[in-house]
Amino acid sequence: MPSLTEQIDRALSDGKLRADAAENIRKILSGEESDFAARVIGELSQANEWEELNDRFYKTLAFGTGGLRGRTIGKIVTPSERGTPTALGRPEFPCVGTNAMNYFNVGRATRGLVVYIQKWRSGQRVEGRAKIVIAHDTRHFSQEFTRLAAETASANGCDAVVFDGPRSTPELSFAVRYLNADAGIVITASHNPPHDNGYKVYFNDGAQVVEPHASGIIAEVNEPSGGTGSVPSQKVRDDVPPKGEIISTGDEIDRAYMERLETLILDRGLIERTRNLKIVYTPIHGTGGVIVKPMLRKIGLNFSVVPEQDQFDGRFPTVKSPNPENAEALNLGISLAQKQNADLVVATDPDCDRMGVAVRTSSGEMKLLSGNQIGSLLAWYRAKTFFDRGILNKENAGHGVIIKTFVTSDLQKAIAEKFGLRCVDTLTGFKYNGAKLKKYEELTRAQNYRELSEEETRRLRLEKSSFYIFGGEESYGYSAADFVRDKDGNAAVIMFCEVAAYAKSRGLTLDELLDQVFCEFGYFEERNHSVYFEGADGAEKIRRLLISYDENPPRQVLDSAVARVQNFEKDTIRDSDGDEIPKEKMLIFELADKTRVAVRGSGTEPKIKYYLFGAQLPANGKLSREELARAKTEIGDRLDALWSWLEKDANQRLAK
């Protein structure tokens, strides 16, 4: 029987194995701890699973500006990886491969992060040991990866503060600021399928890393470190400082975070007056229940929790995908809402940074709202209420700001403009929102900003800087305060429940309230579509398609000429603050009829994303009900036709 090396060579010459995959396999087989990896590779080779080997080894999982994300369980699980499965059926070992989320990639990411932080502290002449806070969600291997990250940080001279159980991503962001840590790590793949996991990095401001730190960390992570990823390894540098401590935390951070979350309720009396509002909540087997449930009780809201989804379970067994964007993920919540005649279903994803909702309509049905609609209701209610309560007025309105992404509904821009507020567009990713909040904090020149109350920081921001009213992105992420520097599902739930209470107090359903907003500001409709391309071949298709749009943008779409193209990779684009937008592979096509299309590759999943925008503005100050109904039909039909054209065009581009 040929040796494993000979099998690899033959598969390469036969065209079954990619050259880059073969090279990475050889490196693994020649490295330390190679016995287990060799068994796994051998099992896949014997089964002629060359496509699986290509996907696992065609590259080294890239540590990007958002960290790592990838498969931790292969499409094919070998007998060696399966080992002795856990009680939930999870394989004993994570997926072997350079392009997999495993011990190798967690270890090298942590070593690189620690090295960068220590160099940065030295350059800033900061004394003492560095400190990192680490949290994890409920996914497969999250706990093991967290332990490895903490032990690796400690072995390399950094203190590691580790949560005593699953916690949400926004609480990790809060904890970095609360503990004055140098960085944070959260082990999560957010709303991805159960086979994925990830590693997100936050800097000392509590936001995901941006430049110049992002490139610096990436460079350190990409330094060769050896290992196979089959077993945990806390590799230590030659110049290692004294070992750091590993410290457990939990209740203290929970209490501090909840105290701050409570300040997001703008009208406590409104909550007390609408005790008949009924809410169903589901954490979809994730971290949301840790904070959301006690917060809803503390505020005094009447809620039930979906019992089948109220336990930590990385399989997410009751849903196809634990993504609150998907209708299917809310099915059990909607079923319970129907039984209890509830007004609202709210759902959060596994790391509780996203929230989706279903609302009861005037006809009694449960209807899903889009991320754009949820965000627009939140932006409108918070802006209106700040003016109603006298916190905002004509004199200081210019200091109020709503932050959204370029691919988020322009209804939020229309709301800002009518209230006299500023609206700032950013690239997709809440790290850009966090960077804005950091800038606004620095403009206050307060040395003790993190120690101040929400009321005190609000006063400073209204006087000297920018007061953050709301921030959102179409992909179900929202926030409305700067004590967390990422999207926050915990905050979103309690804020949206207040909007529901407002609607209830006016005798309106939430979809009726949304229609009132449309009539006042104009009808805006958005459609999001994605085309998935899995594996090595899929990555190449995404690359080719994006290049095609860049080099040969469409000149006409349907019956409308393309009037304007914004190329975010090549053009110099500035936001409304005058700050230059970082370069990114994204294009926005504006048609002569004012319909817009944005195209970009996903930063977290193997897909290309399309964003379609249509709008009908009021001609006489306000849309009538008849005009609104007509706009919904016409724009909906237009966006349907637009997607059909784009889908056909994409296939033609790939066929060339």
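Note that the structure is predicted; figures quoted are calculated from it, not measured.

Visitor: Can you help me understand the sheet that holds strand 4 (residues 183-187) in this one?
Guide: Strands pair in a sheet through their backbones, by hydrogen bonds, and they do so in one of two ways: parallel or antiparallel. Pairing is mixed across the open sheet formed by six strands, whose spatial order is 1-5-4-2-3-6. On the outer flanks of this sheet lie strand 1 (68-71) and strand 6 (246-249), each paired with one strand and no other. Direction aside, neighbouring strands of the sheet carry axes that sit 15° apart on average. Against the sheet, helix 6 (residues 103-123) makes contact with strand 1, strand 2 (130-136), strand 3 (158-163), strand 4 and strand 5 (196-203), and its axis sits at roughly 5° relative to strand 5, the strand it touches most.

Visitor: Would you mind going over the nonpolar core with me for this structure?
Guide: Side chains of a nonpolar character, in soluble globular proteins, are inclined to be buried together. One finds Leu 344 and Phe 496 to be the most contacted residues of the largest nonpolar core, which totals 113 residues. Tallying contributions element by element places helix 18 (residues 489-505) first for this core, with twelve residues. The contact partners of Leu 344, leaving out residues within four places of it in the chain, are Lys 278, Ile 279, Val 280, Val 357, Ala 358, Val 359, Phe 496, Cys 497, Ala 500 and Leu 510. In terms of nonpolar packing, the next biggest core, distinct from the first, is built from 35 residues, Leu 68, Met 101, Val 106 and Cys 158 among them.

Visitor: What exactly am I supposed to notice about the packing of helix 14 (residues 371-388) against helix 18 here?
Guide: Any two packed helices are characterised by how steeply their axes cross, that is the angle between the axes, and by the distance between the axes. Between helix 14 and helix 18, the shortest axis-to-axis distance is 10 Å and the interhelical angle comes to 75°. With respect to helix 18, the axis of helix 14 lies roughly perpendicular. Residues Ile 374, Leu 377, Leu 378, Trp 380, Tyr 381, Arg 382 and Lys 384 of helix 14 pack against Met 495, Phe 496, Glu 498, Val 499 and Tyr 502 of helix 18. Residue composition of the contact of helix 14 with helix 18, by class: nine nonpolar, no polar and three charged.

Visitor: Explain unusual backbone geometry to me, please; I cannot follow it from the model alone.
Guide: With glycine set apart, most residues show a phi of negative sign, and most peptide bonds adopt trans. In this structure, the amide linkage connecting Glu 211 to the following residue, Pro 212, adopts the cis form with an omega of 5°. Here Pro 212 shows up in the loop between strand 5 and helix 9 (213-221). Positive phi, close to 50°, is recorded for Asn 180, a residue that is not glycine. Along the chain, Asn 180 turns up in the loop between helix 8 (169-178) and strand 4. One non-glycine residue, Arg 445, lies in the positive phi region at around 60°.

Visitor: How should empty space enclosed by the protein be read in this particular structure?
Guide: Over the atoms a probe the size of a water molecule is rolled, and this reveals where empty space is left. One pass over the full model with this rule turns up four cavities of 30 Å³ or more. What the largest cavity holds in volume is close to 70 Å³. Lining the largest cavity we find Thr 263, Leu 264, Leu 266, Arg 382, Phe 386, Glu 454, Arg 458, Phe 467, Tyr 468 and Ala 480. At the level of elements, helix 14, helix 17 (454-464) and strand 14 (467-473) are the ones that each hand at least two residues to the lining of the largest cavity. When grouped by side-chain class, the residues that make up the lining of the largest cavity number six nonpolar, one polar and three charged. Reported here for the second largest cavity is a volume of approximately 50 Å³. In terms of lining residues, the second largest cavity is bounded by Leu 546, Ile 547, Asp 550, Asn 567, Glu 569, Glu 584, Lys 585, Met 586 and Leu 587. Where the lining of the second largest cavity is concerned, the elements lending two or more residues are helix 20 (535-551) and strand 19 (586-591). Its residues assigned to classes, the lining of the second largest cavity comprises four nonpolar, one polar and four charged.

Procedures and definitions
Residues numbered from 1 in each chain as written. Predicted model: local features only at pLDDT ≥ 70, side-chain atom pairs only at ≥ 80, totals over all residues. Heavy atoms only, no water. Pairing = 2+ DSSP bridges. Helix = DSSP H or I, 4+ residues; strand = E, 2+ residues; numbered from the N terminus. Axes fitted to C-alpha atoms, helices over the stretch in contact; angles between N-to-C directions. Contact = heavy atoms within 4.5 Å. Core = buried A, V, L, I, M, F, W, Y, C linked by side-chain atoms within 4.5 Å. Buried < 20%, exposed > 50% of the residue type's maximum accessible area, 1.4 Å probe, protein only. Parallel < 35°, antiparallel > 145°, perpendicular 65-115°, else oblique. Nonpolar A, V, L, I, M, F, W, Y, C, P; charged D, E, K, R; others polar. 1 Å grid on protein atoms, 1.4 Å probe; cavity = no way out; pocket = protein on both sides within 12 Å on 5 of 7 lines; lining within 4 Å. Points joined across faces, edges and corners; volume = space filled by probe spheres on them.

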